[in-house]
Amino acid sequence: MTEPTADIDVLVIGGGAQGLICLCRLVQAGYRAALITDAPLGSGQTLHSHGWLYTGYTFPVPALANLLQRGYRQGWAPFLARRTDQTRASDRAYLAAPSAMMNAAYGPAWQQAGLAAPPLDGVALPPVLQGGLLSDPTTALASIEDFTFDKCALVRGLAEGLTDRIVRGTIEALRASGEPLHVNEAVMRLTATGERLRLRPRYVVACVGVGVPTLLRQIEGGDLARLAAVEEGRSVHVARAIHIVCLRGPASLLPPVALFHMYGPGTFFMIAPGPTDGSSRLWHVTDASAAARTYLLTDQPVAGNAEAPVSAALVRETVDGLFARCPSLRQVASELEWQAYAGWKSDVPPPPGAPLAIGCKVKQLDTVPNLCLCNPNAIALHFEAAEQALRLVQAALGPGSGVPAPLPGGGIGIELGRTTDQQPGAWQSWSSFAARFESASGPAGARGP
């Protein structure tokens with residue numbers, strides 16, 4: 001039996017938010033584009049993230065702030081304005097830092113770049129943040145425009161109208177030829193039918209996050225060239241394990257208050273509220289301490305859901321930091337449900353000796369020049385990255401070739417992924433959770449920075 005084959009302009013690999021945005025922009029530009037994913041949409045990094053949308057204040061480097069603000073204004077703001085469902089999950093976001101750090105970060109250099117400093121006057125702590133570290137008179141507090149969002153609603157919105165261009169299956173090989181290599185065929189096995197499908201693209205946009213090393217090793221066309229591509233991919237890709245402690249409980253105890261607390265150079269503590277069902281709410285909590293930044297990944301394979309090993313020490317540090325900032329939650333810990341998970345997060349490799357930073361890395365490989373890695377490390381930059389990828393496609397292919405033909409397997413078996421908190425058996429009582437991670441539960445246990 002003849003295996004179904006389709007000739008397309010651009011193949012997008014990866015069914016997270018970045019892949020969906022790239023697919024949308026390519027279709028809008030008139031390219032015959034298709035997206036392949038080996039899992040439910042968003043089930044990798046997207047649905048396992050904090051769901052925090054940066055608007056430029058939380059990383060006080062003027063060039064980065066301008067990039068984040070542009071990404072929000074030109075991409076996310078128009079997209080969210082078109083949504084009729086409730087995508088936002090928080091209604092207030094606060095930025096906190098030692099006063100000296102806040103004044104230095106948003107001082108002359110920030111203002112010379114034409115950026116408005118976050119408002120520091122008249123901002124009162126909400127009750128849930130009172131009585132702890134943030135009540136210290138040396139801590140400055142600002143209200144910012146950042147917000148958290150319902151991750152499932154976001155993925156659903158990004159996929160709207162595109163499912164017939166999405167194929168679910170597993171890539172068996174990326175076949176390439178020539179010198180330098182050009183990918184000319186993706187061989188995949190359809191999840192729904194087990195049938196083999198061959199897609200023949202002129203260009204490939206890989207939006208696979210921490211799956212970069214695995215993807216590049218699937219290129220067939222010469223061992224030396226493939227190894228060179230893997231090595232080149234390291235200039236675009238590095239990852240680290242992000243630990244998130246999740247709380248679920250009455251909305252009265254967990255208000256829609258987002259917090260980004262910078263407490264040292266390159267270190268911060270984050271509280272990111274999730275969606276509410278009207279009576280209960282989720283919180284996602286992370287302590288991005290110096291210890292957390294030591295968990296780096298280079299080129300090992302990663303599970304499809306980007307799951308990473310959980311460090312009990314980092315979970316304890318995060319819980320203690322939460323109680324130090326929200327002391328009232330210590331008294332009601334038994335009224336909440338708890339869980340912890342760790343996931344690999346795609347990052348942009350920093351200069352030697354420098355800490356990791358937010359960045360928008362989109363690179364067309366020299367070793368495989370019809371393949372680009374679209375690898376920003378903040379969802380705020382996904383639209384900016386998609387525009388960069390589109391420009392590379394336009395430079396390589398010229399204008400789009402018109403209305404796409406029906407795609408074999410398109411739209412079959414496409415479904416939305418689950419967030420970690422939706423997994424069966426994920427939640428624990430406070431007593432079980434504390435026993436599992438040996439977390440401090442008495443007043444003397446808080447060891448926040």
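Residues numbered from 1 in each chain as written. Predicted model: local features only at pLDDT ≥ 70, side-chain atom pairs only at ≥ 80, totals over all residues. Heavy atoms only, no water.

Draft legend 1. A look at the packing of helix H8 (residues 312–325) against helix H11 (residues 430–437). The geometry of H8 relative to H11 is characterised by a closest axis approach of 9 Å and an angle of 130 degrees between their N-to-C directions. It follows from the interaxial angle that H8 and H11 lie oblique. Residues Ala 312, Val 315, Arg 316, Val 319 and Phe 323 of H8 form the contact with H11, whose participating residues are Trp 430, Phe 433 and Phe 437. Class assignment for the residues of the contact of H8 with H11 results in seven nonpolar, no polar and one charged. (Axes fitted to C-alpha atoms, helices over the stretch in contact; angles between N-to-C directions. Helix = DSSP H or I, 4+ residues; strand = E, 2+ residues; numbered from the N terminus. Parallel < 35°, antiparallel > 145°, perpendicular 65-115°, else oblique. Contact = heavy atoms within 4.5 Å. Nonpolar A, V, L, I, M, F, W, Y, C, P; charged D, E, K, R; others polar.)

Draft legend 2. Inspection of the side chain of Asp 150 at higher detail. Examined against the element boundaries, Asp 150 turns out to sit in the loop between strand S6 (147–148) and helix H5 (151–159). No salt bridge is formed by the buried Asp 150, whose closest oppositely charged neighbour, Arg 156, lies at an N-O distance of 6.1 Å. Only 3.1 Å separates the side chain of Asp 150 from the backbone nitrogen of Cys 152, close enough to count as a polar contact. At 3.2 Å, the side chain of Asp 150 and the backbone nitrogen of Ala 153 are in polar contact. (Buried < 20%, exposed > 50% of the residue type's maximum accessible area, 1.4 Å probe, protein only. Lys, Arg positive; Asp, Glu negative; His and termini not counted. Salt bridge = Lys/Arg side-chain N within 4 Å of Asp/Glu carboxyl O. Polar contact = N/O pair within 3.5 Å; in protein donor to acceptor, adjacent residues only side chain to side chain.)

Draft legend 3. Fine view of the packing of aromatic side chains. Overall, the coordinates contain 16 aromatic pairs when judged by the stated rule. The interplanar angle of 55 degrees and the centroid separation of 5.0 Å between the aromatic rings of Phe 433 and Phe 437 together place this pair among those described as tilted. Pair noted here: Phe 433 and Phe 437 are both in helix H11, with a separation of four residues, about one helical turn. The class of Phe 433 is buried, set by a relative accessible area of 0%. For Phe 437, a relative accessible area of 4% gives the class buried. Through a chain of ring-to-ring contacts, three or more aromatic side chains come together here, namely Phe 323, Trp 338, Trp 430, Phe 433 and Phe 437. Above the plane of the ring of Phe 269 lies Arg 325, whose end atom (NZ or CZ) is 4.0 Å from the centre. (Phe/Tyr/Trp six-rings, centres within 6.5 Å; stacked < 30°, edge-to-face > 60°. Lys NZ or Arg CZ within 6 Å of the ring centre and 35° of its normal.)

Draft legend 4. Quick look at unusual backbone geometry. Omega for the peptide link from Glu 179 to Pro 180 comes to 0 degrees, which places this bond in the cis form. Structurally, the position occupied by Pro 180 is in the loop between strand S7 (166–177) and strand S8 (182–190).

Draft legend 5. Inspection of the packing of helix H1 (residues 17–28) against helix H10 (residues 382–397) at higher detail. Contact geometry of H1 with H10 gives a least axis separation of 9 Å together with a crossing angle of 50 degrees. It follows that H1 is oblique to H10 by the angle criterion. Pair H1 / H10 crosses with right-handed handedness. Where H1 approaches H10, its residues Ala 17, Gln 18, Ile 21, Cys 22, Arg 25 and Leu 26 are matched on the opposing element by His 382, Phe 383, Ala 385, Ala 386, Glu 387, Ala 389, Leu 390 and Val 393. Taken together, the residues of the contact of H1 with H10 sort by class into 10 nonpolar, two polar and two charged. (Left-handed = near helix turned anticlockwise from the far one by under 90°.)

Draft legend 6. Region of interest: the pattern of salt bridges. Evaluation of the coordinates by the stated rule reveals 13 salt bridges. Two residues, Arg 198 and Glu 185, come together in a salt bridge whose shortest N-O distance is 3.2 Å. Taken together, the residues Arg 198 in strand S9 (residues 196–206) and Glu 185 in strand S8 connect sequence positions 13 residues apart. Arg 248 is paired through a salt bridge with Glu 337; the nearest N and O atoms lie 2.8 Å apart.

Draft legend 7. Seen up close, the pairing of S8. Pairing of S7 with S8 involves eight bridges; the strand directions are antiparallel. For Thr 170, the partnering residue across the bridge sits in S8 and is Arg 189. Relative to S9, S8 runs antiparallel, the two sharing four bridges. Paired with Ala 186 across the two strands is Leu 199, which belongs to S9. Between S8 and S9, which follow one another and run antiparallel, lie five residues, and Gly 194 among them has a positive phi close to 75 degrees. (Pairing = 2+ DSSP bridges.)

Draft legend 8. Region of interest: helix H2 (residues 62–82). The end-to-end C-alpha separation of H2 is 29 Å, in line with the 30 Å expected for 21 residues at 1.5 Å each. The axis of H2 is deflected most strongly, by about 40 degrees, at Tyr 72. (Expected span 1.5 Å × (residues − 1). Bend = angle between axes of the 7 residues up to and from the residue.)

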